[in-house]
Amino acid sequence: MESYGKFAQVYDLFMDNVDYEAWADHLEKRLKAEGIESGLVAELGCGTGTMTGLLAQKGYDMIGVDNSEEMLAEAMEKKMESGQDILYLLQDMREFELYGTVRAVVSVCDSLNYMTDREDLLQVFRLVNNYLDPGGVFLFDMNTVHKYRDLLGDSTIAENREEGSFIWENSYDPESGINIYELAVFLPREDGLYEKCEELHCQKGYEQKEVEKLLEEAGMELIGVFDAYTDKPASPDSERLLFAAREQGKKADGGQR
């Protein structure tokens with residue numbers, strides 16, 4: 001089963017509980033606090049381009065990176081409708097390549113939790129550090145172990161709408177930290193029947209200290225860790241953390257394996 005295939009068509013519909021505009025405002029505030037009011041910004045795991053477009057509206061020259069053709073197809077439609085000048089790249093974030101350095105890199109909606117191997121997450125951090133301008137900023141969110149273990153756990157979530165329905169079977173392994181959800185999506189067809197599509201999503205919950213350690217290994221300086229998109233410090237009850245880090249010099253290997 002693939003991730004973000006047919007589900008890309010209804011992804012925005014089922015993500016309408018995310019206040020992207022508030023998140024974008026918060027990211028803008030943090031970027032400006034670091035002196036980044038314009039210039040090139042890359043988004044890793046940009047998906048359908050909602051956040052990419054919002055940051056473009058705020059005056060940033062956006063680059064969106066994602067490894068799903070279907071998600072980027074949706075992003076390109078939005079780009080055409082808005083007339084925004086956004087560059088989208090079909091790339092795996094573990095191997096992404098930019099044409100030069102950027103002032104900031106952002107990643108939202110727990111995209112980095114899809115890095116289920118410690119070395120893969122470290123590689124992403126190394127690449128980010130490599131493509132940041134000197135002193136550039138990295139802002140990203142991740143779901144917490146608390147959310148996977150205590151709130152999602154072994155559960156079933158279902159939602160039914162006119163535009164489509166889904167059943168989400170969730171399971172969490174506390175030993176490995178791996179969270180798996182099997183997603184069955186039902187999309188209406190023109191003949192009145194429904195087409196069933198199945199996807200498998202695998203994420204990992206990382207302890208805050210582990211993420212901080214990996215950022216340090218990648219050569220970045222930690223600015224702070226916050227409770228989601230607020231100014232509150234991270235706590236044991238946080239379901240989503242926002243990490244802020246800064247480039248402080250390039251590694252000799254340039255971030256490559």
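Before reading on, note that the structure itself is shown above.
First, a word on scope: everything that follows refers to the structure included in this document. (Residues numbered from 1 in each chain as written. Predicted model: local features only at pLDDT ≥ 70, side-chain atom pairs only at ≥ 80, totals over all residues. Heavy atoms only, no water.)

Things to note about helix α3 (residues 50–57)
Across the eight residues that make up α3, a large majority, six, are buried. Of all the positions in α3, only Met-51, Thr-52, Gly-53, Leu-54, Leu-55 and Ala-56 are classed as buried. (Buried < 20%, exposed > 50% of the residue type's maximum accessible area, 1.4 Å probe, protein only. Helix = DSSP H or I, 4+ residues; strand = E, 2+ residues; numbered from the N terminus.)

Examining the nonpolar core
Within the largest apolar cluster, 33 residues are counted, with the highest numbers of intra-cluster contacts made by Leu-112, Phe-125 and Phe-138. Of all the secondary structure elements, the ones that give two or more residues to this core are β1 (39–44), β2 (60–66), β4 (102–107), α5 (118–131), β5 (132–143), α7 (208–217), β10 (220–227) and β11 (240–247). Here this core gets seven residues from one element, more than from any other, and that element is α5. Sequence-distant contacts of Phe-138, that is, excluding residues within four places in its chain, are made with Val-105, Leu-112, Phe-125, Val-128, Leu-132, Leu-215, Met-220, Phe-243, Ala-244 and Ala-245. (Core = buried A, V, L, I, M, F, W, Y, C linked by side-chain atoms within 4.5 Å. Contact = heavy atoms within 4.5 Å.)

Overview of the side chain of Glu-199
By secondary structure assignment, the location of Glu-199 is in strand β9 (residues 194–204). In this structure Glu-199 comes out as buried when scored by relative accessible area, which is 2%. A polar contact of 2.9 Å, which involves the side chain of Glu-199, links it to the side chain of His-201. (Polar contact = N/O pair within 3.5 Å; in protein donor to acceptor, adjacent residues only side chain to side chain.)

What to know about the packing of aromatic side chains
Here the structure, examined in full by the defined rule, presents nine aromatic pairs. Arranged with centres 4.3 Å apart and planes meeting at 15°, the rings of Trp-23 and Tyr-229 form a pair that is stacked. Of the two residues, Trp-23 is situated in helix α2 (residues 20–33) and Tyr-229 in the loop between β10 and β11; the sequence distance between them amounts to 206 residues. Taking the centre distance of 5.8 Å and the plane angle of 75° together, the rings of Phe-125 and Phe-138 count as edge-to-face. (Phe/Tyr/Trp six-rings, centres within 6.5 Å; stacked < 30°, edge-to-face > 60°.)

Structural notes on the sheet that holds strand β3 (residues 87–90)
Read from one edge to the other, the open sheet built from seven strands follows the order β3-β2-β1-β4-β5-β11-β10, with strand pairing classed as mixed. Edge positions in the sheet fall to β3 and β10, since each of these pairs with one other strand and no more. Adjacent strand axes in the sheet meet at a mean angle of 15°, parallel and antiparallel pairs treated alike. Of the strand pairs in this sheet, β10 and β11 are connected by seven bridges, and their pairing is antiparallel. Residue pairing in the sheet places Phe-226 in a bridge with Leu-242 of β11. Strand contacts of helix α4 (residues 69–82): β2 and β3, with the helix running at about 170° to β3, the strand carrying the most contacts. (Pairing = 2+ DSSP bridges. Axes fitted to C-alpha atoms, helices over the stretch in contact; angles between N-to-C directions.)

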